[in-house]
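Each chain, letter by letter, is given below.
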Amino acid sequence: MSTEDIEVKYMTIEDWEALAEIYKQGLDTGNATFEQEIPTWDAWNGAHLTKGRLIATINKEIAGWAALSPISERCIYAGVAEVSVYVSNKHKGKRVGTKLLESLIKESEKEQIWTLQAGIFPENIASLALHTKLGFRIVGFREKIGKLNQVWRDTVLLERRSSITGID
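A brief report on the enclosed structure follows. (Residues numbered from 1 in each chain as written. Predicted model: local features only at pLDDT ≥ 70, side-chain atom pairs only at ≥ 80, totals over all residues. Heavy atoms only, no water.)

Side note on the overall build of the protein chain
- Looking only at helices and strands, the protein chain has 4 helices and 7 strands in total.
- Each helix and strand of the protein chain, ordered N terminal to C terminal, gives the series β-α-α-β-β-β-α-β-α-β-β.
- By the compact-globule yardstick of 15 Å for 168 residues, the protein chain fits well, its C-alpha radius of gyration being 15 Å.
- Considered along the principal axes of its C-alpha atoms, the protein chain spans approximately 40 × 40 × 30 Å.
- Expressed as a percentage of its 168 residues, the buried residues of the protein chain come to 45%.
- When contacts within the protein chain are restricted to residue pairs at least 6 apart in sequence, long-range pairs at least 24 apart make up 63% of them.
- On the protein chain, roughly 9500 Å² of surface is accessible, and the fraction owed to carbon and sulfur atoms is 49%.
- Charge centroids of the protein chain, computed over 21 positive and 23 negative side chains, lie 4 Å from each other. (Helix = DSSP H or I, 4+ residues; strand = E, 2+ residues; numbered from the N terminus. Rg over C-alpha atoms; globule rule 2.2 N^0.38 Å. Buried < 20%, exposed > 50% of the residue type's maximum accessible area, 1.4 Å probe, protein only. Contact = heavy atoms within 4.5 Å. Areas by Shrake-Rupley, 256 points an atom, 1.4 Å probe, with all protein chains shown as cover. Lys, Arg positive; Asp, Glu negative; His and termini not counted. Charge placed at Lys NZ, Arg CZ, Asp CG, Glu CD.)

Describing the layout of surface pockets
- Here the largest pocket is characterised by a volume of approximately 1200 Å³.
- Broken down by class, the residue content of the lining of the largest pocket amounts to 22 nonpolar, 19 polar and 7 charged. (1 Å grid on protein atoms, 1.4 Å probe; cavity = no way out; pocket = protein on both sides within 12 Å on 5 of 7 lines; lining within 4 Å. Points joined across faces, edges and corners; volume = space filled by probe spheres on them. Nonpolar A, V, L, I, M, F, W, Y, C, P; charged D, E, K, R; others polar.)

Here's the deal with the nonpolar core
- Formed by 26 residues in total, the largest nonpolar core has its most connected members in Leu68, Val83, Val96, Leu101, Leu104, Leu116 and Phe136.
- Of all the elements, helix H3 (residues 96-110) adds the most residues to this core, at 5 residues.
- The residues contacting Leu68, other than those within four sequence positions of it, are His48, Leu49, Lys51, Gly52, Ala81, Glu82, Val83, Leu104, Ser108, Ile113 and Leu116.
- Counting 14 residues, the second largest nonpolar core, distinct from the first, contains Trp16, Ile55, Ile62 and Trp65. (Core = buried A, V, L, I, M, F, W, Y, C linked by side-chain atoms within 4.5 Å.)

A look at the pairing of strand S6 (residues 137-148)
- Here S6 pairs with strand S7 (residues 151-161) via 8 bridges, running antiparallel. The partner of Lys147 across the bridge, within S7, is Trp152. (Pairing = 2+ DSSP bridges.)

Some thoughts on the pattern of salt bridges
- Tallied over the entire structure, the rule returns 6 salt bridges.
- One salt bridge in this structure joins Glu61 and Lys90, with 2.9 Å as the shortest N-O distance. Placement of the pair is Glu61 in strand S3 (residues 61-70) and Lys90 in the loop between strand S4 (80-87) and H3, with a sequence separation of 29 residues.
- Accessibility expressed as a relative area gives 33% for Glu61, which makes it partly exposed. (Salt bridge = Lys/Arg side-chain N within 4 Å of Asp/Glu carboxyl O.)

Topic: helix H1 (residues 16-29)
- The terminal C-alpha atoms of H1, which comprises 14 residues, lie 20 Å apart, in line with the 20 Å expected from a rise of 1.5 Å per residue.
- Regarding H1, the residues found buried are Trp16, Leu19, Ala20, Ile22, Tyr23, Gln25, Gly26 and Leu27.
- As for H1, its buried residues are in contact with helix H2 (41-47), strand S2 (54-58), S3 and S4.
- The positive-phi residue at the C-terminal boundary of H1 is Gly30, with phi of around 75°. (Expected span 1.5 Å × (residues − 1).)

Digging into the environment of Lys9
- Of note, Lys9 is situated in strand S1 (residues 7-10).
- The exposure class assigned to Lys9 is partly exposed, which follows from its relative accessible area of 38%.
- Separated by 44 residues in sequence, Lys9 and Arg53 have C-alpha atoms that sit 8.5 Å apart.
- Apart from the residues within four sequence positions on either side, Lys9 is in contact with Arg53, Leu54, Ile55 and Thr57.

Rendered as structure tokens:
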């Protein structure tokens with residue numbers, strides 16, 4: 001499958017049921033997020049920027065989603081956001097994550113976001129590979145940053161600096 005078969009468009013509230021199911025699949029792996037429950041739409045909506053909310057579809061079926069979260073409320077960090085990318089189990093290995101993250105990078109630059117960050121569990125090899133393939137670099141390692149199911153977990157901190165915006 002080529003990435004031309006994947007359509008990326010803006011997310012709407014009507015997509016939430018499918019997005020929540022994909023998010024649950026990520027939770028079930030134990031290597032996607034510290035969250036343990038699917039949030040309500042209102043909670044999820046409040047935690048993410050209104051810009052940069054994307055879904056990927058294959059034959060009109062939602063195959064994955066990507067979104068941006070603020071890293072701080074301080075105005076100095078207005079151009080810095082954290083990325084989330086989730087792909088349904090059914091569509092893994094079809095380059096959905098690549099298409100979503102490429103699109104999210106473009107969208108973030110249109111919105112004057114100059115730095116994207118990602119915190120990824122070291123066990124999530126596919127996500128680490130996706131991010132590094134698209135220009136993210138490892139900038140740190142957070143040892144025992146939080147507990148998941150009463151077990152301390154580490155994360156790898158990655159970032160991507162835009163070559164288009166925030167370069168003055």
